[in-house]
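Secondary and tertiary structure notes
Residues per chain, in single letters:
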Amino acid sequence: MLLYGRVETMTEAGQVEAVYLEGDRIADVGSLQDLSARYPGAKKQFFEQITPGLHEAHAHPQMWGLQLDSLDLEGLTDPQAVAQQVAEKARALPPGGWIRGGGYLFRAYPTRELLDAAAPHHPVFLQSRDRHSGWANTRALEQAGITAQTPDPPGGVLVRDAQGQPTGYLLEAAQELVQRVMPKPGLAELERGLHDLARRGYTAVHHMGWCHFSLAEQLAESGRLPVRLWWALDRDHWREARPGWRGDSLEIAAVKFFADGALGSRTAWMIEPYPDGSHGLALDALELILSEGRAALEAGLGLVVHAIGTRAVQGVLEVFHQLQPVSRRIFRLEHAQHVRDAELARLPGLKLALSLQPMHLLGDAELVRFHLKGQEREAFRLRDLWNTGLPMAFGSDAPVMKPLYELNLQAATQHPLNPAQSLTPAEVLWAHTRGAALAAGWPQHGQIRPEAPADLTLWENGRPVGRVFRGGLEL
(Lines give C-alpha, C1' and ligand atoms only; values in the text may rest on other atoms or scores of the structure.)
Protein backbone atom coordinates (compact mmCIF):
# COMPACT_ATOMS: atom_id res chain seq x y z
CA MET A 1 0.00 0.00 0.00
CA LEU A 2 1.36 3.41 -0.99
CA LEU A 3 0.06 6.46 0.86
CA TYR A 4 0.88 9.92 -0.40
CA GLY A 5 0.30 13.51 0.65
CA ARG A 6 2.19 15.63 3.17
CA VAL A 7 4.10 12.97 5.08
CA GLU A 8 5.59 14.18 8.38
CA THR A 9 8.32 11.63 9.12
CA MET A 10 9.56 12.98 12.50
CA THR A 11 13.05 11.99 11.33
CA GLU A 12 16.01 13.79 9.79
CA ALA A 13 14.26 13.34 6.41
CA GLY A 14 11.66 15.89 7.45
CA GLN A 15 8.63 16.10 5.18
CA VAL A 16 8.31 13.73 2.22
CA GLU A 17 5.61 12.92 -0.32
CA ALA A 18 4.91 9.23 0.12
CA VAL A 19 5.27 6.16 2.31
CA TYR A 20 5.11 2.54 1.18
CA LEU A 21 3.88 -0.17 3.56
CA GLU A 22 4.46 -3.91 3.44
CA GLY A 23 2.51 -5.90 5.99
CA ASP A 24 2.78 -4.34 9.43
CA ARG A 25 6.03 -2.44 8.71
CA ILE A 26 7.02 0.69 6.84
CA ALA A 27 9.11 -0.42 3.85
CA ASP A 28 10.09 2.83 2.12
CA VAL A 29 9.64 6.61 2.15
CA GLY A 30 10.43 9.25 -0.43
CA SER A 31 8.99 11.09 -3.41
CA LEU A 32 5.74 9.92 -4.98
CA GLN A 33 7.48 9.56 -8.34
CA ASP A 34 10.26 7.33 -7.00
CA LEU A 35 8.00 5.11 -4.90
CA SER A 36 5.46 4.75 -7.73
CA ALA A 37 8.27 3.57 -10.01
CA ARG A 38 9.68 1.15 -7.42
CA TYR A 39 6.30 -0.35 -6.49
CA PRO A 40 4.16 -0.15 -9.64
CA GLY A 41 1.55 -2.60 -8.34
CA ALA A 42 0.94 -0.82 -5.05
CA LYS A 43 -2.55 0.39 -4.21
CA LYS A 44 -2.37 4.18 -3.84
CA GLN A 45 -4.32 6.35 -1.41
CA PHE A 46 -4.12 10.13 -0.98
CA PHE A 47 -4.49 11.98 2.32
CA GLU A 48 -3.88 15.65 3.01
CA GLN A 49 -1.46 14.79 5.81
CA ILE A 50 0.10 11.55 7.04
CA THR A 51 1.89 11.38 10.39
CA PRO A 52 3.25 8.74 12.71
CA GLY A 53 0.42 7.25 14.73
CA LEU A 54 -0.86 9.58 17.44
CA HIS A 55 -0.25 8.56 21.03
CA GLU A 56 -2.73 9.39 23.77
CA ALA A 57 0.07 9.72 26.32
CA HIS A 58 -1.99 9.95 29.52
CA ALA A 59 -5.42 8.36 29.80
CA HIS A 60 -7.58 6.14 31.97
CA PRO A 61 -9.29 4.13 29.22
CA GLN A 62 -11.52 2.05 31.48
CA MET A 63 -12.80 5.20 33.20
CA TRP A 64 -13.21 6.84 29.81
CA GLY A 65 -15.29 3.86 28.68
CA LEU A 66 -17.40 4.26 31.83
CA GLN A 67 -17.77 8.01 31.24
CA LEU A 68 -19.08 7.37 27.73
CA ASP A 69 -22.08 5.72 29.40
CA SER A 70 -22.45 8.31 32.22
CA LEU A 71 -23.63 11.91 32.64
CA ASP A 72 -21.33 14.29 30.79
CA LEU A 73 -21.04 17.37 33.01
CA GLU A 74 -18.12 18.99 31.20
CA GLY A 75 -18.15 22.76 31.24
CA LEU A 76 -20.70 23.05 34.07
CA THR A 77 -19.62 25.38 36.87
CA ASP A 78 -22.95 25.87 38.68
CA PRO A 79 -24.10 23.10 41.06
CA GLN A 80 -27.71 23.98 40.23
CA ALA A 81 -27.08 23.18 36.56
CA VAL A 82 -25.52 19.85 37.51
CA ALA A 83 -28.48 19.01 39.75
CA GLN A 84 -30.82 19.72 36.85
CA GLN A 85 -28.97 17.16 34.71
CA VAL A 86 -29.23 14.65 37.55
CA ALA A 87 -32.99 15.26 37.84
CA GLU A 88 -33.46 14.60 34.11
CA LYS A 89 -31.48 11.36 34.38
CA ALA A 90 -33.48 10.28 37.44
CA ARG A 91 -36.78 10.65 35.56
CA ALA A 92 -35.57 8.15 32.96
CA LEU A 93 -34.08 5.63 35.41
CA PRO A 94 -35.93 3.09 37.60
CA PRO A 95 -35.72 3.93 41.33
CA GLY A 96 -32.67 2.57 43.08
CA GLY A 97 -30.35 2.70 40.05
CA TRP A 98 -27.07 4.53 40.47
CA ILE A 99 -26.61 7.88 38.73
CA ARG A 100 -23.00 8.63 38.00
CA GLY A 101 -21.22 11.27 35.97
CA GLY A 102 -18.33 13.68 35.90
CA GLY A 103 -16.75 16.76 34.43
CA TYR A 104 -18.00 19.71 36.50
CA LEU A 105 -15.69 22.40 37.89
CA PHE A 106 -16.85 24.34 40.96
CA ARG A 107 -15.16 27.12 42.90
CA ALA A 108 -16.65 25.93 46.20
CA TYR A 109 -17.75 22.56 47.55
CA PRO A 110 -21.54 21.98 47.25
CA THR A 111 -23.61 19.94 49.68
CA ARG A 112 -25.86 16.92 49.26
CA GLU A 113 -29.19 18.73 49.58
CA LEU A 114 -29.24 19.76 45.93
CA LEU A 115 -28.73 16.17 44.80
CA ASP A 116 -31.25 14.88 47.34
CA ALA A 117 -33.92 17.12 45.81
CA ALA A 118 -32.90 16.18 42.25
CA ALA A 119 -32.87 12.41 42.82
CA PRO A 120 -34.52 11.40 46.10
CA HIS A 121 -34.94 7.75 44.99
CA HIS A 122 -31.53 7.14 43.42
CA PRO A 123 -28.01 7.00 44.84
CA VAL A 124 -25.93 9.68 43.08
CA PHE A 125 -22.16 9.98 42.81
CA LEU A 126 -20.54 12.59 40.58
CA GLN A 127 -16.88 13.48 40.13
CA SER A 128 -15.18 16.77 39.41
CA ARG A 129 -13.43 17.20 36.10
CA ASP A 130 -10.08 16.22 37.60
CA ARG A 131 -11.60 13.15 39.37
CA HIS A 132 -9.91 14.18 42.61
CA SER A 133 -13.18 14.99 44.38
CA GLY A 134 -16.73 13.71 44.33
CA TRP A 135 -20.26 14.78 45.23
CA ALA A 136 -22.76 12.30 46.67
CA ASN A 137 -26.36 12.49 47.82
CA THR A 138 -27.74 11.15 51.08
CA ARG A 139 -28.87 7.84 49.56
CA ALA A 140 -25.33 7.18 48.28
CA LEU A 141 -23.82 8.06 51.66
CA GLU A 142 -26.26 5.71 53.39
CA GLN A 143 -25.40 2.83 51.06
CA ALA A 144 -21.71 3.50 51.77
CA GLY A 145 -22.34 3.54 55.53
CA ILE A 146 -20.95 7.08 55.89
CA THR A 147 -22.05 8.88 59.05
CA ALA A 148 -20.73 11.61 61.33
CA GLN A 149 -18.67 8.91 63.08
CA THR A 150 -16.91 7.80 59.90
CA PRO A 151 -13.25 8.85 60.11
CA ASP A 152 -11.41 10.43 57.22
CA PRO A 153 -9.52 7.68 55.39
CA PRO A 154 -5.76 8.00 54.79
CA GLY A 155 -5.23 10.39 51.90
CA GLY A 156 -8.81 11.61 51.88
CA VAL A 157 -11.25 14.04 53.50
CA LEU A 158 -14.98 13.88 54.15
CA VAL A 159 -16.01 17.52 54.02
CA ARG A 160 -18.22 18.23 57.07
CA ASP A 161 -20.58 20.97 58.20
CA ALA A 162 -20.32 22.92 61.47
CA GLN A 163 -22.03 20.06 63.34
CA GLY A 164 -19.56 17.48 62.01
CA GLN A 165 -22.05 15.90 59.60
CA PRO A 166 -20.73 14.84 56.16
CA THR A 167 -21.90 17.32 53.55
CA GLY A 168 -21.74 14.81 50.72
CA TYR A 169 -18.53 16.21 49.29
CA LEU A 170 -15.51 13.88 49.31
CA LEU A 171 -11.87 14.67 48.57
CA GLU A 172 -9.33 12.25 47.10
CA ALA A 173 -9.32 8.78 48.77
CA ALA A 174 -12.58 9.52 50.61
CA GLN A 175 -14.33 8.91 47.28
CA GLU A 176 -13.43 5.24 47.57
CA LEU A 177 -15.87 4.90 50.49
CA VAL A 178 -18.70 5.41 48.00
CA GLN A 179 -17.07 3.82 44.97
CA ARG A 180 -16.63 0.48 46.74
CA VAL A 181 -20.42 0.02 46.97
CA MET A 182 -21.08 1.07 43.36
CA PRO A 183 -21.24 -1.34 40.41
CA LYS A 184 -17.64 -1.94 39.34
CA PRO A 185 -16.44 -1.18 35.80
CA GLY A 186 -14.86 -4.15 34.09
CA LEU A 187 -13.61 -5.51 30.79
CA ALA A 188 -16.48 -4.04 28.76
CA GLU A 189 -15.70 -0.49 29.90
CA LEU A 190 -11.96 -0.90 29.19
CA GLU A 191 -12.66 -2.25 25.72
CA ARG A 192 -15.23 0.49 25.00
CA GLY A 193 -12.75 3.20 26.01
CA LEU A 194 -9.91 1.76 23.90
CA HIS A 195 -12.11 1.38 20.82
CA ASP A 196 -13.29 4.96 21.15
CA LEU A 197 -9.67 6.16 21.28
CA ALA A 198 -8.83 4.08 18.21
CA ARG A 199 -11.75 5.66 16.33
CA ARG A 200 -10.25 9.07 17.07
CA GLY A 201 -7.04 8.20 15.20
CA TYR A 202 -4.85 7.12 18.12
CA THR A 203 -2.65 4.09 17.54
CA ALA A 204 -1.11 3.99 21.03
CA VAL A 205 -2.47 4.71 24.51
CA HIS A 206 -0.49 5.18 27.73
CA HIS A 207 -2.63 3.78 30.55
CA MET A 208 -2.23 5.70 33.81
CA GLY A 209 -4.00 3.69 36.46
CA TRP A 210 -7.39 2.89 38.02
CA CYS A 211 -7.75 -0.49 36.27
CA HIS A 212 -6.32 -3.95 37.00
CA PHE A 213 -3.72 -5.08 34.48
CA SER A 214 -5.30 -8.55 34.14
CA LEU A 215 -8.10 -7.05 32.01
CA ALA A 216 -5.59 -5.70 29.51
CA GLU A 217 -3.85 -9.08 29.47
CA GLN A 218 -7.16 -10.72 28.56
CA LEU A 219 -7.56 -8.39 25.58
CA ALA A 220 -3.96 -8.93 24.49
CA GLU A 221 -4.17 -12.72 24.73
CA SER A 222 -7.37 -12.79 22.65
CA GLY A 223 -6.00 -10.37 20.02
CA ARG A 224 -8.63 -7.73 20.82
CA LEU A 225 -6.44 -4.73 21.57
CA PRO A 226 -7.24 -1.97 19.04
CA VAL A 227 -4.13 0.08 20.03
CA ARG A 228 -0.60 -0.45 21.31
CA LEU A 229 -1.00 -0.19 25.05
CA TRP A 230 1.70 1.10 27.43
CA TRP A 231 0.60 0.16 30.93
CA ALA A 232 1.42 1.85 34.23
CA LEU A 233 0.38 -0.36 37.15
CA ASP A 234 -1.43 0.91 40.22
CA ARG A 235 0.98 0.94 43.15
CA ASP A 236 -1.17 -1.50 45.13
CA HIS A 237 -0.88 -4.23 42.48
CA TRP A 238 2.54 -3.90 40.93
CA ARG A 239 4.08 -6.87 42.73
CA GLU A 240 1.47 -9.15 41.15
CA ALA A 241 2.67 -8.33 37.64
CA ARG A 242 5.57 -9.47 35.49
CA PRO A 243 7.10 -6.57 33.55
CA GLY A 244 7.47 -6.80 29.78
CA TRP A 245 5.53 -7.33 26.58
CA ARG A 246 2.44 -9.44 26.03
CA GLY A 247 2.63 -9.99 22.29
CA ASP A 248 3.40 -6.80 20.36
CA SER A 249 0.52 -4.64 21.64
CA LEU A 250 0.72 -4.58 25.45
CA GLU A 251 3.71 -3.64 27.57
CA ILE A 252 3.48 -3.82 31.36
CA ALA A 253 5.95 -1.00 31.78
CA ALA A 254 5.83 1.03 34.99
CA VAL A 255 4.32 1.77 38.39
CA LYS A 256 2.22 4.89 38.98
CA PHE A 257 2.29 6.98 42.15
CA PHE A 258 0.34 10.09 43.15
CA ALA A 259 2.34 12.77 44.96
CA ASP A 260 -0.72 15.03 45.25
CA GLY A 261 -4.19 15.83 43.97
CA ALA A 262 -5.39 18.48 41.52
CA LEU A 263 -5.93 22.21 41.33
CA GLY A 264 -9.68 22.10 40.63
CA SER A 265 -10.30 20.22 43.87
CA ARG A 266 -7.73 22.36 45.76
CA THR A 267 -5.77 19.19 46.56
CA ALA A 268 -2.69 20.00 44.46
CA TRP A 269 0.18 20.19 46.99
CA MET A 270 1.50 23.75 46.93
CA ILE A 271 4.38 25.56 48.60
CA GLU A 272 2.44 28.83 48.75
CA PRO A 273 -1.05 28.47 50.27
CA TYR A 274 -4.43 28.77 48.61
CA PRO A 275 -6.56 31.78 49.60
CA ASP A 276 -8.17 29.72 52.41
CA GLY A 277 -4.73 29.02 53.92
CA SER A 278 -4.59 25.35 52.92
CA HIS A 279 -1.72 23.81 50.94
CA GLY A 280 -3.52 20.89 49.27
CA LEU A 281 -2.91 17.22 50.03
CA ALA A 282 0.16 15.01 49.85
CA LEU A 283 -1.16 11.61 48.77
CA ASP A 284 1.56 8.96 48.39
CA ALA A 285 4.26 10.05 50.83
CA LEU A 286 7.57 10.96 49.23
CA GLU A 287 9.26 8.36 51.44
CA LEU A 288 6.89 5.71 50.04
CA ILE A 289 7.55 6.79 46.45
CA LEU A 290 11.27 6.56 47.13
CA SER A 291 11.21 3.12 48.75
CA GLU A 292 8.55 1.50 46.55
CA GLY A 293 9.96 3.25 43.48
CA ARG A 294 13.37 1.76 44.17
CA ALA A 295 11.86 -1.72 44.50
CA ALA A 296 9.91 -1.30 41.26
CA LEU A 297 13.00 -0.10 39.40
CA GLU A 298 15.00 -3.07 40.68
CA ALA A 299 12.21 -5.35 39.42
CA GLY A 300 12.62 -3.94 35.90
CA LEU A 301 9.69 -1.53 35.88
CA GLY A 302 9.67 2.21 35.21
CA LEU A 303 8.53 4.92 37.60
CA VAL A 304 5.66 7.30 36.85
CA VAL A 305 4.61 10.01 39.32
CA HIS A 306 1.63 12.37 39.22
CA ALA A 307 2.76 15.78 40.50
CA ILE A 308 0.70 18.93 39.90
CA GLY A 309 1.49 21.40 42.69
CA THR A 310 4.80 23.16 43.27
CA ARG A 311 5.57 21.21 46.45
CA ALA A 312 4.76 17.90 44.76
CA VAL A 313 7.02 18.69 41.81
CA GLN A 314 9.80 19.74 44.17
CA GLY A 315 9.58 16.53 46.18
CA VAL A 316 9.28 14.19 43.21
CA LEU A 317 12.32 15.67 41.47
CA GLU A 318 14.31 15.01 44.64
CA VAL A 319 13.15 11.38 44.53
CA PHE A 320 14.10 11.07 40.85
CA HIS A 321 17.58 12.47 41.49
CA GLN A 322 18.08 9.92 44.26
CA LEU A 323 16.84 7.00 42.17
CA GLN A 324 18.48 7.85 38.83
CA PRO A 325 21.56 5.66 39.51
CA VAL A 326 19.40 2.52 39.77
CA SER A 327 16.96 3.25 36.93
CA ARG A 328 17.22 1.39 33.63
CA ARG A 329 14.16 3.16 32.18
CA ILE A 330 13.21 6.77 31.66
CA PHE A 331 11.27 8.39 34.52
CA ARG A 332 7.96 10.09 33.79
CA LEU A 333 6.69 13.22 35.53
CA GLU A 334 2.96 13.41 34.90
CA HIS A 335 1.32 16.87 34.67
CA ALA A 336 4.13 19.12 36.08
CA GLN A 337 1.44 21.80 36.08
CA HIS A 338 2.98 24.27 38.55
CA VAL A 339 6.76 24.55 38.47
CA ARG A 340 9.00 27.13 40.17
CA ASP A 341 12.26 28.38 38.67
CA ALA A 342 14.25 26.36 41.22
CA GLU A 343 12.71 23.08 40.04
CA LEU A 344 12.92 24.05 36.38
CA ALA A 345 16.69 24.33 36.81
CA ARG A 346 16.86 20.76 38.18
CA LEU A 347 15.29 19.14 35.11
CA PRO A 348 18.17 19.09 32.58
CA GLY A 349 20.37 16.06 33.05
CA LEU A 350 17.62 13.82 34.44
CA LYS A 351 16.63 10.72 32.49
CA LEU A 352 13.08 12.02 32.45
CA ALA A 353 10.08 12.52 30.17
CA LEU A 354 7.54 15.28 30.80
CA SER A 355 3.98 14.09 30.27
CA LEU A 356 1.64 17.09 29.98
CA GLN A 357 -1.96 17.87 29.06
CA PRO A 358 -2.09 21.43 27.69
CA MET A 359 -5.86 21.19 27.17
CA HIS A 360 -6.33 21.44 30.95
CA LEU A 361 -5.45 25.10 30.51
CA LEU A 362 -8.81 25.67 28.86
CA GLY A 363 -10.57 25.11 32.18
CA ASP A 364 -7.78 25.68 34.66
CA ALA A 365 -6.66 29.16 33.51
CA GLU A 366 -9.55 30.75 35.43
CA LEU A 367 -8.83 28.56 38.47
CA VAL A 368 -5.15 29.58 38.43
CA ARG A 369 -6.14 33.24 38.46
CA PHE A 370 -8.63 32.62 41.26
CA HIS A 371 -6.72 30.19 43.53
CA LEU A 372 -3.10 31.15 42.75
CA LYS A 373 -3.23 34.90 42.23
CA GLY A 374 0.28 36.24 41.70
CA GLN A 375 1.67 32.79 40.82
CA GLU A 376 0.34 32.57 37.27
CA ARG A 377 3.80 32.47 35.68
CA GLU A 378 4.50 29.14 37.43
CA ALA A 379 1.52 27.45 35.76
CA PHE A 380 1.66 25.42 32.53
CA ARG A 381 5.20 26.44 31.58
CA LEU A 382 5.05 24.69 28.22
CA ARG A 383 7.80 26.65 26.47
CA ASP A 384 10.11 26.62 29.48
CA LEU A 385 9.66 22.86 29.88
CA TRP A 386 10.18 22.28 26.16
CA ASN A 387 13.42 24.24 26.32
CA THR A 388 14.86 21.81 28.89
CA GLY A 389 15.44 19.40 25.98
CA LEU A 390 13.64 16.55 27.77
CA PRO A 391 11.15 14.46 25.77
CA MET A 392 7.64 15.87 26.04
CA ALA A 393 4.52 13.72 25.66
CA PHE A 394 0.95 15.00 25.35
CA GLY A 395 -2.34 13.41 26.37
CA SER A 396 -5.77 14.35 27.68
CA ASP A 397 -6.10 12.51 31.03
CA ALA A 398 -9.43 11.18 29.72
CA PRO A 399 -11.98 11.11 31.28
CA VAL A 400 -10.74 14.36 32.85
CA MET A 401 -10.96 15.87 29.37
CA LYS A 402 -12.22 14.55 26.05
CA PRO A 403 -9.33 12.93 24.15
CA LEU A 404 -9.34 15.40 21.26
CA TYR A 405 -6.03 16.32 19.64
CA GLU A 406 -7.40 19.71 18.60
CA LEU A 407 -7.90 20.74 22.25
CA ASN A 408 -4.20 20.26 22.99
CA LEU A 409 -3.36 22.10 19.78
CA GLN A 410 -5.59 25.04 20.73
CA ALA A 411 -4.35 25.34 24.31
CA ALA A 412 -0.66 24.85 23.57
CA THR A 413 -0.45 27.23 20.61
CA GLN A 414 -2.69 29.92 22.16
CA HIS A 415 -1.64 29.81 25.81
CA PRO A 416 -4.44 31.62 27.71
CA LEU A 417 -2.33 32.48 30.77
CA ASN A 418 0.99 33.45 29.20
CA PRO A 419 1.29 33.64 25.40
CA ALA A 420 5.10 33.51 25.68
CA GLN A 421 4.70 29.91 26.91
CA SER A 422 2.96 28.81 23.70
CA LEU A 423 4.33 26.08 21.43
CA THR A 424 4.17 25.69 17.67
CA PRO A 425 1.80 23.27 15.90
CA ALA A 426 4.81 21.18 14.85
CA GLU A 427 5.94 20.86 18.47
CA VAL A 428 2.44 19.77 19.56
CA LEU A 429 2.44 17.06 16.88
CA TRP A 430 5.92 15.92 17.94
CA ALA A 431 4.73 15.57 21.55
CA HIS A 432 1.83 13.38 20.42
CA THR A 433 4.05 11.16 18.26
CA ARG A 434 7.84 10.98 18.58
CA GLY A 435 7.99 12.57 22.03
CA ALA A 436 5.32 10.22 23.38
CA ALA A 437 7.12 7.20 21.92
CA LEU A 438 10.34 8.25 23.66
CA ALA A 439 8.42 8.70 26.92
CA ALA A 440 7.17 5.13 26.53
CA GLY A 441 10.67 3.84 25.86
CA TRP A 442 9.67 2.72 22.33
CA PRO A 443 12.51 4.02 20.12
CA GLN A 444 11.15 2.49 16.89
CA HIS A 445 7.75 4.17 17.21
CA GLY A 446 6.61 7.72 16.56
CA GLN A 447 8.43 8.08 13.25
CA ILE A 448 8.00 7.20 9.59
CA ARG A 449 11.12 5.39 8.43
CA PRO A 450 11.88 1.97 6.94
CA GLU A 451 11.39 -0.92 9.38
CA ALA A 452 9.30 1.20 11.79
CA PRO A 453 5.85 -0.19 12.71
CA ALA A 454 3.15 0.70 10.18
CA ASP A 455 1.12 2.75 12.69
CA LEU A 456 0.01 6.03 11.09
CA THR A 457 -2.63 8.71 11.60
CA LEU A 458 -4.36 10.15 8.53
CA TRP A 459 -5.55 13.76 8.42
CA GLU A 460 -7.87 16.06 6.48
CA ASN A 461 -8.47 19.73 7.33
CA GLY A 462 -6.25 19.51 10.39
CA ARG A 463 -8.18 16.66 12.03
CA PRO A 464 -7.62 12.91 12.19
CA VAL A 465 -9.93 11.07 9.79
CA GLY A 466 -8.46 7.58 10.03
CA ARG A 467 -5.42 5.56 10.79
CA VAL A 468 -3.22 2.69 9.72
CA PHE A 469 -2.76 0.19 12.54
CA ARG A 470 -0.37 -2.72 12.10
CA GLY A 471 -0.52 -2.03 8.38
CA GLY A 472 -4.33 -2.11 8.14
CA LEU A 473 -6.16 0.94 6.80
CA GLU A 474 -9.08 2.13 8.94
CA LEU A 475 -11.26 5.05 7.83
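**Brief notes about the overall build of the chain**
Secondary structure summary: the chain contains 16 helices and 22 strands in total. In terms of overall size, the chain behaves like a compact globule, its C-alpha atoms giving a radius of gyration of 23 Å where 475 residues would be expected to give roughly 23 Å. The C-alpha extent of the chain, read off along each of the three principal axes, is 80 × 50 × 45 Å. For the chain, the residues scored as buried account for 59% of the 475 residues in total. Within the chain, contacts between residues separated by at least 24 positions form 70% of all contacts whose residues are at least 6 apart in sequence. On the chain, roughly 17900 Å² of surface is accessible, and the fraction owed to carbon and sulfur atoms is 50%. Between the mean site of the 46 positive side-chain charges and the mean site of the 55 negative ones, the chain shows a separation of 1 Å.

**A look at unusual backbone geometry**
Residue Pro-399 is reached from Ala-398 by a cis peptide bond, and omega for that bond is 15°. Inspection of the secondary structure puts Pro-399 in the loop between β19 (392-394) and α14 (405-413). Backbone geometry at His-335 places phi at a positive 90°, although glycine is not the residue there. Looking at the secondary structure, you find His-335 in strand β17 (residues 331-335). The exposure class assigned to His-335 is buried, which follows from its relative accessible area of 5%. Positive phi is not limited to glycine here, since Phe-380 has a value of about 50°. Inspection of the secondary structure puts Phe-380 in the loop between α12 (361-371) and α13 (382-386). Phe-380 sits in the buried class, given a relative accessible area of 5%.

**Section: the packing of aromatic side chains**
This model, assessed by the stated rule, comprises 11 aromatic pairs. Plain terms: the ring middles of Tyr-109 and Tyr-169 are 4.9 Å apart, the flat faces sit at 20° to each other, and that makes the pair stacked. Within this pair, whereas Tyr-109 is found in the loop between β7 (99-104) and α4 (113-118), its partner Tyr-169 is found in strand β11 (residues 166-172), the two being separated by 60 residues in sequence. The exposure class assigned to Tyr-169 is buried, which follows from its relative accessible area of 3%. When the centroid spacing of 5.7 Å and the interplanar angle of 75° are considered together, the rings of Trp-386 and Trp-430 count as edge-to-face. Note that Trp-386 is positioned in helix α13 and Trp-430 in helix α15 (residues 425-432), a separation of 44 residues in sequence. Grouped by ring-pair contacts, the aromatic residues Tyr-104, Phe-106 and Trp-135 constitute a single cluster. Just above the ring of Phe-370 sits the side chain of Arg-107; from NZ or CZ to the centre is 4.1 Å. The lysine or arginine in question, Arg-266, covers the ring of Tyr-109, its NZ or CZ lying 4.5 Å from the ring centre.

**Section: the packing of helix α7 (residues 187-199) against helix α8 (residues 213-221)**
At a closest axis distance of 10 Å, the pairing of α7 and α8 adopts a crossing angle of 65°. Here α7 runs over α8; the crossing is right-handed. Contacts between α7 and α8 involve Leu-187, Leu-190, Glu-191 and Leu-194 from the former and Leu-215, Ala-216, Gln-218 and Leu-219 from the latter. In terms of residue class, the contact of α7 with α8 is built from 6 nonpolar, 1 polar and 1 charged.

**Things to note about empty space enclosed by the protein**
For the structure on display, the rule yields 6 cavities of 30 Å³ or more. Quantified by volume, the largest cavity comes out at close to 100 Å³. Along its surface, the largest cavity is lined by 15 residues, and Asp-130, Ala-262, Ile-308, His-360 and Asp-364 are the ones closest to its centre. A class-by-class count of the residues in the lining of the largest cavity yields 5 nonpolar, 6 polar and 4 charged. Taken as a whole, the second largest cavity holds about 80 Å³ of empty space. What lines the second largest cavity is simply Pro-52, Gly-53, His-55, Thr-203, Ala-204, Arg-228, Gln-444, His-445, Gly-446, Gln-447, Pro-453 and Asp-455. Split into classes, the residues belonging to the lining of the second largest cavity amount to 3 nonpolar, 7 polar and 2 charged.

Rules used throughout
Residues numbered from 1 in each chain as written. Predicted model: local features only at pLDDT ≥ 70, side-chain atom pairs only at ≥ 80, totals over all residues. Heavy atoms only, no water. Helix = DSSP H or I, 4+ residues; strand = E, 2+ residues; numbered from the N terminus. Rg over C-alpha atoms; globule rule 2.2 N^0.38 Å. Buried < 20%, exposed > 50% of the residue type's maximum accessible area, 1.4 Å probe, protein only. Contact = heavy atoms within 4.5 Å. Areas by Shrake-Rupley, 256 points an atom, 1.4 Å probe, with all protein chains shown as cover. Lys, Arg positive; Asp, Glu negative; His and termini not counted. Charge placed at Lys NZ, Arg CZ, Asp CG, Glu CD. Phe/Tyr/Trp six-rings, centres within 6.5 Å; stacked < 30°, edge-to-face > 60°. Lys NZ or Arg CZ within 6 Å of the ring centre and 35° of its normal. Axes fitted to C-alpha atoms, helices over the stretch in contact; angles between N-to-C directions. Left-handed = near helix turned anticlockwise from the far one by under 90°. Nonpolar A, V, L, I, M, F, W, Y, C, P; charged D, E, K, R; others polar. 1 Å grid on protein atoms, 1.4 Å probe; cavity = no way out; pocket = protein on both sides within 12 Å on 5 of 7 lines; lining within 4 Å. Points joined across faces, edges and corners; volume = space filled by probe spheres on them.

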